[in-house]
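Descriptive analysis of the structure
Residue-level listing of the chains:
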Amino acid sequence: MKPYVIEGPAQICFSGGRTSAFMLHQILAANEGLPPDCHVTFENTGKERPQTLDFIEECALRWSVPVHWLEWDGFLEGEPQSRPCFREVNFHNAARHGEPFAAMINASTMLPNPVKRMCTINLKIRTGSAFMRSLGFREWDSVMGIRADEPLRVARMRDPARDNTSGVPLLPLATADVSKRDILDFWKRQPFDLALDPQGDLGNCDLCFLKARYKLVRALINEPERAVWWIEQETKRSGTFRKDPPHYRDLLRAADFYRRQLSLAFEEEDGDSSVTDCYCGD
Ligand code: SF4
């Protein structure tokens, strides 16, 4: 079994996280470089954290592998159902303020939500697919960093009923029985790493509506300014990213509240050792 030996044509999906970076590393090692007709892509929504973008660039430079930085750039026929256009950018000129994401919301005239994830579909999947089609491919493998310890995702990708017009999923990590622990062990041995806490779930879009509420609030305690873009989108569309409350405005309020509690707790700590646990330990 040689799970990392890839035959093109293939799109190697690099999200900028440790898992997909590990997968890319193993593919390069097993194939002595990038196999012919294989293309590494990163689809930038503009809402990834700077640490993620730095990490992608560092992997590309250290491993001498070309990474195609792609951004959604409108619907081909102006209709949300039509294929997207894309533009190829690079580390230096990639969007960093949510521009592709906001433009896609404007063009779709609605916010994505957990049931209708138009952001994933358009900004990630269809943009990558448009890139592969622009190279002349009609069918290709879509090599994804999904681990063996993510059985639901593995099952979804391998479902025979899945629509594979944007690439047939190939899951080398699941085939090689790789778990999160293996990934973290690998990165501990490397001379560089993604500068985000492995337990923090801070990758992908900074305040993705799929992240747990307590993780969003915890992120906002440290970086309240990150709420601005999300509040703006909800205000413009008079809607929410989730059906269930709270709005991002309320998450920001909760974060402000806990930040004040924390500073009070630290003040008390100077003279009193009985500090209340932060709620994030819930
Ligand atoms: S990370 Fe979240 S917000 Fe970003 S594209 Fe994926 S589902 Fe959408």
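Residues numbered from 1 in each chain as written. Predicted model: local features only at pLDDT ≥ 70, side-chain atom pairs only at ≥ 80, totals over all residues. Heavy atoms only, no water.

If you check an unreviewed UniProt entry, the chain appears there as Nin-like protein from Caballeronia zhejiangensis.

This part takes up the sheet that holds strand S1 (residues 10-13). Reading across from one edge, S4-S3-S2-S1-S5-S6 is the order of the 6 strands in this open sheet, with mixed pairing throughout. Edge strands, defined here as strands with exactly one partner in the open sheet, are strand S4 (84-89) and strand S6 (168-170). On average, each strand axis in the sheet is inclined to that of its neighbour by 40°, with strand direction left out of account. In this structure, strand S5 (residues 141-143) lies alongside S6, joined through 3 bridges in parallel fashion. Residue aspartate 141 lies in a different strand from S6, and its bridge partner there is valine 168. (Pairing = 2+ DSSP bridges. Helix = DSSP H or I, 4+ residues; strand = E, 2+ residues; numbered from the N terminus. Axes fitted to C-alpha atoms, helices over the stretch in contact; angles between N-to-C directions.)

In an α-helix, one full turn covers 3.6 residues, which means residues spaced three or four apart are oriented alike. Helix geometry: helix H4 (residues 118-134) is bent most strongly at arginine 126, by close to 35°. Those residues of H4 lying buried are Met118, Cys119, Asn122, Leu123, Thr127, Gly128, Ser129, Ala130, Phe131, Met132 and Arg133. Looking at the packing, one finds that the buried side of H4 touches S1, strand S2 (38-43), strand S3 (67-75), S4 and helix H3 (99-108). Immediately downstream of H4, the backbone of glycine 136 shows phi near 100°, a positive value. (Bend = angle between axes of the 7 residues up to and from the residue. Buried < 20%, exposed > 50% of the residue type's maximum accessible area, 1.4 Å probe, protein only. Contact = heavy atoms within 4.5 Å.)

With that settled, the discussion passes to the side chain of glutamate 57. Along the chain, glutamate 57 turns up in helix H2 (residues 50-62). Although glutamate 57 is buried, it makes no salt bridge; arginine 96 carries the closest opposite charge, 8.0 Å away. In this structure, glutamate 57 is in contact with Trp69, Phe91 and His92, ignoring residues within four places of it in sequence. (Lys, Arg positive; Asp, Glu negative; His and termini not counted. Salt bridge = Lys/Arg side-chain N within 4 Å of Asp/Glu carboxyl O.)

Turning our eyes to something else, we now look at the site of the ligand. Surveying the vicinity of the ligand reveals the residues Phe101, Arg117, Cys119, Thr120, Asn204, Cys205, Cys208, Phe209 and Leu210. Residue composition of the shell around the ligand, by class: 6 nonpolar, 2 polar and 1 charged. (Near = heavy atom within 4 Å. Nonpolar A, V, L, I, M, F, W, Y, C, P; charged D, E, K, R; others polar.)

With that settled, the discussion passes to the packing of helix H1 (residues 18-30) against helix H7 (residues 180-188). Following both chains from N to C, one finds H1 and H7 inclined at 70°, their axes separated by 10 Å at the closest point. Relative to H7, the element H1 lies roughly perpendicular. Only Ile183, Leu184, Phe186 and Trp187 of H7 make contact with H1, whose side of the interface consists of Arg18, Thr19, Ala21, Phe22, His25 and Gln26. Taken together, the residues that form the contact of H1 with H7 break down as 6 nonpolar, 3 polar and 1 charged. (Parallel < 35°, antiparallel > 145°, perpendicular 65-115°, else oblique.)

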